[in-house]
Amino acid sequence: MANAKTTSHGTSADQAHDHHHYEPGFWSKYIFSTDHKVIGIQYGITALVFLLFGFILMLLMRQQLAKPNQPIPVIGPILEKVLGTDMVNSGVMQADLYNAFGAMHGTIMVFLAIVPLAFGAFGNFVTPLQIGAPDMAFPRLNMASYWFYFLGGVVMLSSFFIPGGAAKSGWTSYSPLASIADMAHWVDGQTLWLIGMVLLISSSLLGAVNFITTIIQLRARGMSWMRLPFFVWAQLVTGFLLLLAFPPLEAAGIMQLVDNLFGTSFFLPTGLVVNGSQLPVSGGGSPLLWQHLFWFLGHPEVYVLILPAMGIVCEIIANNTRKPIWGYRSLVYSVLCVGFLSFIVWAHHMYLTGMGTKISTFFQTTTMMISIPSVIILTALFISLWGGSIRMNTPMLFALAFLPMFGIGGLTGLPLGLNATDIYLHDSYYVIGHFHYVVAPGTIFGLFAGIYYWFPKATGRFMNETLGKIHFWGSLLFMNLVFAPMFIQGMKGMSRRMYDGGATYAGNASVLGLNTFISHAAIGLAVFQIPFIINFFMSIRSGKKISSDNPWEATTLEWSTPTPPPHGNFIKEPVVYRGPYEYSVPGAAKDFSPQDQQA
Amino acid sequence: MSLKMFHVVFVLCSLALTIGLSVWGFGNYQVSGRPVDLFYGIGSVISSVALVIYGWVFLKKLKHISFL
Amino acid sequence: MEIPYTVKPRPDTGLYNAKVGIWLFLASEVILFGALFSAYILLRVGALDGVWPNIKNAWPHGLLNIPIGTFNTAVLITSSVTVVFAWAALKMNNFARFRICMVITIVCALGFLCIKSFEYNEKFTHYELRLKSGKAYTGHIEVNGKHPGFWDFGSIYNLARLETDKVEKVKFTADPPKAKPGEKHDESTPKHEVMEVATSDIAHLDAFIPRNHTFFAIYFLITALHGFHVLGGALVLAWFTFPGSKMWLTEPERFINRIEVGGLFWHFVDLVWIFLFPILYLL
Ligand code: HEM
Ligand SMILES: [Cu+2]
């Protein structure tokens, strides 16, 4: 069955006829669908749009950093019309707008782009297929999850247009800053940010419950735990992180909402002075409480950002080296350890808050511990390359680049995790460099790899290889040109979140030039995304057609369905006989043995 | 965990509460000497006993339902 | 292919899908309430000394109505008992008994909410007063001959409100000094002290509402969140009992599963209260 020629759309629909056939209309088929594949694609498209939007915000900010207080050509006047002169004056971006863009860039990238793409899109599309399930366990909850996400996104975006503009206190929304940033308005950008977050949290809660249940309950016959593809393990752990890390932020979000709207003082300390007079609130609250609740989510969240990408990369490396993943079990145990440890490292973001040296020492220790399983995963993937006859296609190039890029991101995290060095590096451009290496050339490369890899499954056509390679090499080069100089700026002592790019500080003089350099590189990066966009749309209509249901000659179950998979996925209930990565098994007829191929 | 099992856990937690309440009531009575506190303590002890009996009856009645 | 294990349990896990789902959801709820409990502890430990009238530590203590709280606890425990019996009745094929038990559960839930709103009202009409002279009281106020009530939110007063409304004085009925649990009662003090207070003498005046103190803020937040859970649970159970019970005739096994899932949620909600009650009211 695995090697069957493409089952045409007609025949698979006929076979589905056996059960019960219904022809849903446009709305129930593409918009309010309960099919995990459609929902996955909805997630994917929405998230890609947000990714682009977040990137555009950043390009505008980079313009301001490169040429502080100079009018933005072309776009400046338009923004001025749309957002008003408080935000853009004579084409010049004002500090308020810079702060709003910064906060929204972070929020959009983390909560509306990467997580939905990694967990919502890939998780939805691929997970049920890989475990041999007909759909998610709760299809209607799955749809609700998408619509909560969509609504959350709409609320976030609409906050740009209310009086006072969008939230301005960073994606971390530290109190009391977030409560006093815009006191002229009762309902301000921060209010909408919080409402948006509550919607997004509901969405990911529904998603997480659904994913975990699906993976526990709907595995095909023979799909034992140690036969699960690593991608599914990564999604399972991600699901648990979302399930258990988000509620404290929900609690904190509600508290901050009540603080801002109804004058309570959960996070407002006694005697807080704003603009020269004492704030008329009861006080008695704790700003540290917000930080604890936020980072209890915040740190597991960074693993939500990275684990699905690791899963994708693992699948692609196994497929393109044509050999089993080295140390599959150690990968699984490591990812479980990472998941567990990620709940007890959060206060390494708070070394400078004065929470006490004993607490700092504890969190420094756990932070060093968590880097061990991360390194094991990376090492296992590197060793898997050894002795393989590697196919250098576009998915593989992105997957390969992921490894060193994530490596740089992780290694630069160690000095941040150590209390003594972090006191110097905290809140500098070094931190920006660190986590962008993990998420941008790291996670985003993993996600691109996944798009190129599973595109044929979703559409029946390949993406164009030449355009793909242009996209890859350009992105790799410019990603590094953008983020590597940030380490230098940070080590020189340049703070982040400054709308003049740090020009007011004499100490920054020697690294100010890099601002312009980085901004140019960011434009270069933008240019090299154009081949991807063209490729994506062109290939849907006219990409090279696949000649079999298993074009990459892979072993996992998603390739034993018709292409694209019909409602209900599998024509015949799949049975699993072997592990996920049986490539080049000695004595086998072919260099790959699909999981559902009888021994 | 089935509803049956969770109910057992629930009854145990309630029992812990009523025992705690009786300690709290008698403790207050020792200091204040008010009859209200005494009644509170006695009432809680009675509730604890009632909960134990109830739990036992419950387990007997639902013997055939699985714990899983 | 159809989605498996929607009704029958999967052999190796022994669970049907919805049961896994509800437990995962409850796990996340545990963390949600856990976060709020932690917030409560942090705020209480961090409270400053000597801000609340007559109390050393600025964490107002002993202000909640313990008899009512105890009664409400009993109401919720009863409702958990009846919800299990409803489920067991279905297992024994007794639909009529199922319905009776379910109705009792729902009545208990609504009773809990009514009693809770009575408690809320008590707090919304109760005031804290600190004078510039340093004296501090709790009690009830009368402004222009009217007692501000719960249902018209606009009528809750604080000092700023008195000033903008140009109210010159208020009548204040101070509470009798109440023995806090565990303290010796002093019978010699007068019962109610009634006084006229000039607005210009007031340093602070506000009702027992969230903005007045972080204790009330966290108390109202946690109990309101719990109250919404009670309300939501009651609505779902009511739906199962009346319109949704048609499923009993067509898919009885699936219906029993639903009731079990609903019962699990209901138990969780009640369990939260069993922790909330001693922590908020007694400790
Ligand atoms: C195992 C390696 C890692 C270590 C030791 C580490 C350590 C740290 C530390 C200590 C900070 C706080 C720096 C400061 O604010 O002074 C930080 C910030 C950050 N890290 Fe990592 N990290 C690691 C991996 C990751 C991963 C996998 C991600 C996923 C995307 C990530 C994303 C972030 C983000 C987003 C921030 C910035 C948070 C902010 O806005 O303040 N890190 N990292
Ligand atoms: Cu962290």
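Only a predicted model underlies this, so the values are computations on that prediction, with no experimental measurement involved.

1. Side note on the overall build of chain B
Looking only at helices and strands, one finds 2 helices and 0 strands in chain B. For 68 residues, the compact-globule formula gives about 11 Å, and the C-alpha radius of gyration of chain B, at 15 Å, lies well above that figure. When the backbone C-alpha atoms are referred to their principal axes, chain B occupies close to 50 × 20 × 10 Å. Burial analysis of chain B (68 residues in total) assigns 44% to the buried set. Considering only contacts within chain B whose residues lie at least 6 apart along the sequence, 60% involve residues at least 24 apart. Per element, the accessible surface of chain B, about 3,700 Å² overall, is 79% carbon and sulfur.

2. A closer look at a nonpolar patch on the surface
All names here are of chain B. On the surface, a cluster of nonpolar side chains totalling about 860 Å² of accessible area is made up of Phe 26, Phe 39, Ile 42, Val 45, Ile 46, Val 49, Ile 53, Trp 56 and Val 57. For the nonpolar patch, the element with the most residues is helix H2 (residues 35-61), which contributes 8 residues. Among the secondary structure elements, Ile 46 is positioned in helix H2.

3. Section: the packing of aromatic side chains
Aromatic ring pairs are defined here through the distance separating the ring centres and the angle between the ring planes. Across all of its chains, the model carries 71 aromatic pairs over all chains by this definition. For the ring pair Phe 398 of chain A and Phe 448 of chain A, a centre distance of 5.5 Å and an interplane angle of 45° mean the geometry is tilted. With a gap of 50 residues between them, Phe 398 of chain A in helix H13 (residues 394-417) and Phe 448 of chain A in helix H15 (residues 429-459) connect regions that are remote in the sequence. The pair Phe 398 of chain A / Phe 448 of chain A is uniform in exposure class, with both members buried. With a centroid separation of 6.2 Å and an interplanar angle of 15°, the aromatic rings of Phe 215 of chain C and Tyr 219 of chain C are classed as stacked. On the criterion of helical spacing, the pair formed by Phe 215 of chain C and Tyr 219 of chain C is a turn pair, its members being 4 residues apart in helix H5 (residues 214-241). Judged by its relative accessible area of 2%, Phe 215 of chain C falls in the buried class. Aromatic rings pair up to connect Phe 398, Phe 445, Phe 448, Tyr 452, Phe 455, Phe 472, Trp 473, Phe 532, Phe 536 and Phe 537 of chain A into one cluster. If you follow Arg 219 of chain A out to its NZ or CZ, it ends over the ring of Trp 225 of chain A, 4.0 Å from the centre. Arg 161 of chain C extends its terminal NZ or CZ atom over the ring of Tyr 157 of chain C, reaching a point 4.5 Å from the ring centre.

4. Remarks on the site of ligand 1
All names here are of chain A. With respect to spatial proximity, 24 residues lie near ligand 1, and among them Trp 171, Asp 422, His 426, His 434 and Arg 496 are the closest. Here a nitrogen atom of ligand 1 sits 2.9 Å away from a polar atom, N or O, in the side chain of His 434. With respect to ligand 1, the side chain of Arg 496 contributes an N or O atom lying 2.8 Å from an oxygen atom. Of all the secondary-structure elements, those providing two or more residues to the shell around ligand 1 are helix H10 (287-321), H13 and H15. Sort the elements by how many residues they give to the shell around ligand 1 and H13 lands first, with 6 residues.

5. A few points about the coordination of the copper ion (ligand 2)
Residues and elements named next belong to chain A. Within the first shell, the copper ion (ligand 2) binds the protein through His 299 (ND1), His 348 (NE2) and His 349 (NE2), at distances of 1.8 to 2.0 Å. In primary-sequence terms, the residues that donate to the copper ion (ligand 2) follow H-x48-H-H. The distance between the copper ion (ligand 2) and the iron atom of ligand 1 is 4.7 Å. With a gap of 49 residues between them, His 299 in helix H10 and His 348 in the loop between helix H11 (328-341) and helix H12 (357-385) connect regions that are remote in the sequence. Per residue, the accessibility class of His 299 equals that of His 348, and both read buried.

6. Considerations on the domain arrangement of chain C
Per the domain assignment, the segments of chain C are domain 1 (27-123 + 213-282) and domain 2 (127-177 + 189-206). Inter-centroid distance (C-alpha atoms) of domain 1 of chain C to domain 2 of chain C is 34 Å.

7. Let's talk about the nonpolar core
Judged by nonpolar contacts, the single largest core of 295 residues is most densely connected at Met 255, Phe 266, Leu 307, Ile 317 and Leu 381 of chain A together with Phe 172 and Ile 202 of chain C. Top contributing element to this core by residue count: helix H5 (residues 95-131) of chain A, with 22 residues. Here this core spans two domains, and each of domain 1 (27-123 + 213-282) and domain 2 (127-177 + 189-206) of chain C adds at least three residues to it. Residues within four places of Ile 202 of chain C in sequence aside, it is in contact with Leu 129, Arg 130, Leu 131, Lys 132, Leu 159, Leu 162, Val 170 and Val 197 of chain C.

8. Remarks on H13 of chain A
Given a rise of 1.5 Å per residue, 24 residues ought to cover 34 Å, and the 34 Å separating the end C-alpha atoms of H13 of chain A matches this to within 8%. Burial within H13 of chain A is extensive, with 18 of its 24 residues counted as buried.

9. Section: the confidence of the model for chain C
Put simply, chain C has an average pLDDT of 88, and 89% of its residues get 70 or more. As scored by the predictor, the complex reaches a pTM of 0.93 and an ipTM of 0.93.

10. What to know about the pattern of salt bridges
According to the stated counting rule, one finds 20 salt bridges over all chains in the structure shown. Across the pair Lys 168 of chain A and Asp 182 of chain A runs a salt bridge, and its minimum N-O distance is 3.8 Å. Here Lys 168 of chain A is found in the loop between helix H6 (139-158) and helix H7 (177-180), whereas its partner Asp 182 of chain A is found in the loop between H7 and helix H8 (189-217), with 14 residues between them in sequence. Here the two residues Lys 168 of chain A and Asp 182 of chain A agree in accessibility, since each one is buried. With its nearest N and O atoms 2.8 Å apart, the salt bridge here joins Glu 253 of chain C to Lys 8 of chain C. With Glu 253 of chain C in helix H7 (residues 252-282) and Lys 8 of chain C in the segment before helix H1 (17-45), this pair connects stretches of sequence that are 245 residues apart.

Conventions and cut-offs
- Residues numbered from 1 in each chain as written.
- Chains lettered and ligands numbered in written order.
- Predicted model: local features only at pLDDT ≥ 70, side-chain atom pairs only at ≥ 80, totals over all residues.
- Heavy atoms only, no water.
- Helix = DSSP H or I, 4+ residues; strand = E, 2+ residues; numbered from the N terminus.
- Rg over C-alpha atoms; globule rule 2.2 N^0.38 Å.
- Buried < 20%, exposed > 50% of the residue type's maximum accessible area, 1.4 Å probe, protein only.
- Contact = heavy atoms within 4.5 Å.
- Areas by Shrake-Rupley, 256 points an atom, 1.4 Å probe, with all protein chains shown as cover.
- Patch = residues over 30% accessible without salt bridge, like charges linked within 9 Å, V, L, I, M, F, W, Y side chains within 5 Å.
- Salt bridge = Lys/Arg side-chain N within 4 Å of Asp/Glu carboxyl O.
- Phe/Tyr/Trp six-rings, centres within 6.5 Å; stacked < 30°, edge-to-face > 60°.
- Lys NZ or Arg CZ within 6 Å of the ring centre and 35° of its normal.
- Near = heavy atom within 4 Å.
- Polar contact = N/O pair within 3.5 Å; in protein donor to acceptor, adjacent residues only side chain to side chain.
- Donors = N, O, S within 2.8 Å, 3.2 Å for Na, K, Ca; no water.
- Domains from an automatic or database assignment.
- Core = buried A, V, L, I, M, F, W, Y, C linked by side-chain atoms within 4.5 Å.
- Expected span 1.5 Å × (residues − 1).
- pLDDT = per-residue confidence, 0-100.

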